[in-house]
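Observations on the model geometry
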Amino acid sequence: MALPARWQQKLEAADPAEEIMQLQMGPSHPASHGTVKFNLKLDGEHIADCDVEVGYLHRAFEKMCEQGTWTQCFPYTDRLNYASPVINNVGFALAVEKLCDVEVTERCKYLRVIMSEVSRITDHLTCLGMAAAEAGAQTVAFYTLEARELLYDLVEAVTGARLTVTWCRVGGLAHDLPDDFNDRLANALKNLDSVLSDCDQLLSRNRVFIDRMSGVGMLSSADAISYGITGPLLRATGVAHDLRKADPYLVYDRFDFEIPTGKHGDNYDRFNVRFREMHQSKRIIEQAMEHLPDGPVMIDDPRLVLPPKERVYNSIEGLMNHFKIIMEGIKVPAGEVYQAVEGANGELGFYVVSDGSGRPYRVRVRPPCFIAMGALNKILIGHMIADIITTFGMLNMIGGECDR
Amino acid sequence: MLTDKLKQRFGADILDSHSEHGNDTIVVGRERALDIMRALRDEADFGFEFLIDVTAVDRLGREPRFDVVYHLKSMSCGHRLRVKVMVPEGDAWVSSMTALWKSADWLERECYDMFGIDFRGHPDLRRILLYDSFKGHPLRKDYPYQQRHPIVPETDPIVNPLHPSR
């Protein structure tokens, strides 16, 4: 990539004092949460060029999915965006269900929505807390971590794990809500409210914070679209596009919520959009809890769903059914499907191809962070080196998803 | 129907089409792919302002071996489209879409990295998730998933820049 003319001259300058300096920042930099390397060309403290190197956390997600059965992919999807694992689970399950041509139960749809929104809040809390801490506001990080912990407790009570949830199955969910879920949720949301209002007071009108964030890392909406950026980063540029409204999946069309947008597409707008989205997620959770229907969380289809243990141990048919599903995997009809869900960072898409056997032929995930990172070079050029930290923080690169 | 509209507009350039599971899909030849994609982006009927994804599927045993798969999305018209280009193994190239969408830059680099498909006209086609001395393209079906690689010796990136052109 050619440098802008004024830096090209400097690069060729004979005088060492005028020289462009090369700096390798990362891959393990204390002020960036995530393993990524910036190969910088610096003019003083200004960034003349920035080559972003990703891939340090690559663990062959797509290749490994081809080795096991369809159900065995769920634990891998947990580890994509580990700040909001339920959304990954839901996206993959929806893709496979579309391929199998099955529809999950009403209760399952509502539960998937509720837990997706809880995950979206934990993701945004992680992003905002860490970004604030890296900008020097350490207190906010501890506040958001406290709120996140309450929600993780909730996730743990429902799924059995904080991050590695593996909660969805093809055709439904691994288990229903625990008995005391309502109380736990009410408690968590009440505490979340007070934390959010504390953070709002600490940051939203904080002079230092605004100076670090406002006007930094601007991206126009035309550029954002060309770079394929979706989610909060696109909405910060003023485009009100959200898959939950534009292309509703599950039961999102039944809820009343707004799409927060920004104006300038700078870091402060990104912060603001994420912050307001948490309130909207909370609204969705409350509405979904109000209308939560009763009933099973799994469909009744012996081709896809494991039989109850009672049948496995007491009847030969049940045992055979169990054995076939575990050893051979569920048989997904041959075909291909692309299913996108609104992840916490943007459009999270799963393109799955089946050849009709019990194993996926190809699983491709469309990772929103990876695509946002592709625009980082464009966003950073001309800014100062300290702006890398805040911009990178607001892009919310999650290594597990970016590098797969 | 989007596929009917596309067939009307592009005629014989569309080699095949289907709408399985509500996903409209067309198959086009690689020589015409760039022009068709430009029309898909620019013409108001289609308005695909997003190149959402670029990937490939290795159909080992079929000729041509690879499908290069593009996913497009239109925010203004609210539709999506999958465009497939088939490429043979010995001569695996397609035109780069970097001139049309900037998202193609990293997505095509990843596809090159994983499948070894040459995106002609890409300004900076090099590996992205894996390292430069990596041998092979791991998402090809004939690449064993347990393949091991030697540890890369440490080098000083200032003395020996990895990408001297940059």
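Everything discussed here concerns the structure shown above.
Notes on the structure follow.

Structural notes on the overall build of chain B
From N to C terminus, chain B includes three helices and seven strands. Each helix and strand of chain B, placed in order from N terminus to C terminus, yields the pattern α-β-β-α-β-β-β-β-α-β. Structurally, chain B occupies a C-alpha span of about 55 × 35 × 25 Å along its principal axes. Buried positions account for 35% of the 166 residues belonging to chain B.

Brief notes about the interface of chain A and chain B
Tallying the contact residues gives 33 residues for chain A and 30 residues for chain B. For the side of chain A that touches chain B, the secondary-structure elements that each account for two or more residues are β1 (21-25), α2 (61-65), α4 (85-100), α9 (221-226), β6 (335-343), β7 (346-354), β8 (360-366) and α15 (368-373) of chain A. A per-element tally of the side of chain A that touches chain B places β7(A) first, with four residues. In terms of residue class, the side of chain A that touches chain B is built from 13 nonpolar, 11 polar and nine charged.

What to know about the sheet that holds β1(A)
All names here are of chain A. With respect to topology, three strands assemble into an open sheet ordered β1-β2-β3, the strand pairing being antiparallel. Among the strands making up the open sheet, the edge pair consists of β1 and β3 (46-53). Along the sheet, successive strands turn relative to each other by an average axial angle of 20°, direction set aside. Bridge count between β1 and strand β2 (residues 37-43): five bridges; the pairing is antiparallel.

Here we look at the packing of helix α5 (residues 106-134) of chain A against helix α6 (residues 138-159) of chain A
Residues and elements named next belong to chain A. At their nearest, the axes of α5 and α6 sit 8 Å apart, and the two run at 160° to each other. As the angle between them shows, α5 and α6 are arranged roughly antiparallel. Once α5 is placed against α6, the crossing between them reads as left-handed. Here M115, V118, I121, T122, L125, T126, L128, G129, M130, A132 and A133 of α5 lie close against α6, whose contacting residues are Q138, V140, A141, T144, L145, A147, R148, L151, Y152, L154, V155 and V158. Residues of the contact of α5 with α6, tallied by class, amount to 17 nonpolar, five polar and one charged.

A word on the nonpolar core
The nonpolar side chains of a soluble globular protein tend to be buried, and buried together. Within the largest apolar cluster, 155 residues are counted, with the highest numbers of intra-cluster contacts made by A:V96, A:V352, A:M373, B:L51, B:L72 and B:I117. Sorting elements by how many residues they give to this core places α5(A) first, with 14 residues. Residue contacts for A:M373: discarding those within four places in its chain leaves A:V52, A:V54, A:L395, A:M397 and A:C402.

Here we look at the environment of A:G295
Residues and elements named next belong to chain A. Positionally, G295 belongs in the loop between α12 (267-290) and α13 (309-314). Among the residues examined, G295 registers 11 C-beta atoms within 10 Å and is labelled exposed. Distance in space between the C-alpha atoms of G295 and L40 is 57 Å, their sequence separation being 255 residues.

What to know about helix α17 (residues 385-395) of chain A
Taken across its 11 residues, α17(A) has eight buried, putting it largely inside the fold. Trailing α17(A) by a residue or two, A:N396 shows a phi angle of about 55°, which is positive.

Overview of α4(A)
Residue and element names in this part refer to chain A. In this model, α4 (16 residues) spans 23 Å end to end at C-alpha, consistent with the 22 Å of a helix rising 1.5 Å per residue. Of all 16 residues in α4, 16 are buried, a share of seventy percent or more. Once α4 ends, the next one or two residues include D101, with phi positive near 65°.

Quick notes on the sheet that holds strand β1 (residues 14-18) of chain B
All names here are of chain B. Here five strands make up an open sheet; going across it, the order is β1-β2-β5-β4-β3 and the pairing mixed. Taken across any chain shown, the strands that pair with only one partner, and hence form the sheet edges, are β1 and β3 (50-58). Across the sheet, the mean angle separating the axes of adjacent strands is 20° when strand polarity is ignored. Contacts between helix α2 (residues 30-42) and the sheet are confined to β2 (25-28), β4 (66-73) and β5 (80-87), with β5 contributing the most and set at about 165° to the helix. In the packing of helix α3 (residues 104-115) onto the sheet, contacts are made with β3 and β4, and the angle to β3 comes to roughly 5°.

About the thresholds
- Residues numbered from 1 in each chain as written.
- Chains lettered and ligands numbered in written order.
- Predicted model: local features only at pLDDT ≥ 70, side-chain atom pairs only at ≥ 80, totals over all residues.
- Helix = DSSP H or I, 4+ residues; strand = E, 2+ residues; numbered from the N terminus.
- Buried ≥ 20, exposed ≤ 12 C-beta atoms within 10 Å, placed from the backbone.
- Contact = placed C-beta atoms within 7 Å.
- Nonpolar A, V, L, I, M, F, W, Y, C, P; charged D, E, K, R; others polar.
- Pairing = 2+ DSSP bridges.
- Axes fitted to C-alpha atoms, helices over the stretch in contact; angles between N-to-C directions.
- Parallel < 35°, antiparallel > 145°, perpendicular 65-115°, else oblique.
- Left-handed = near helix turned anticlockwise from the far one by under 90°.
- Core = buried A, V, L, I, M, F, W, Y, C linked by C-beta atoms within 7 Å.
- Expected span 1.5 Å × (residues − 1).

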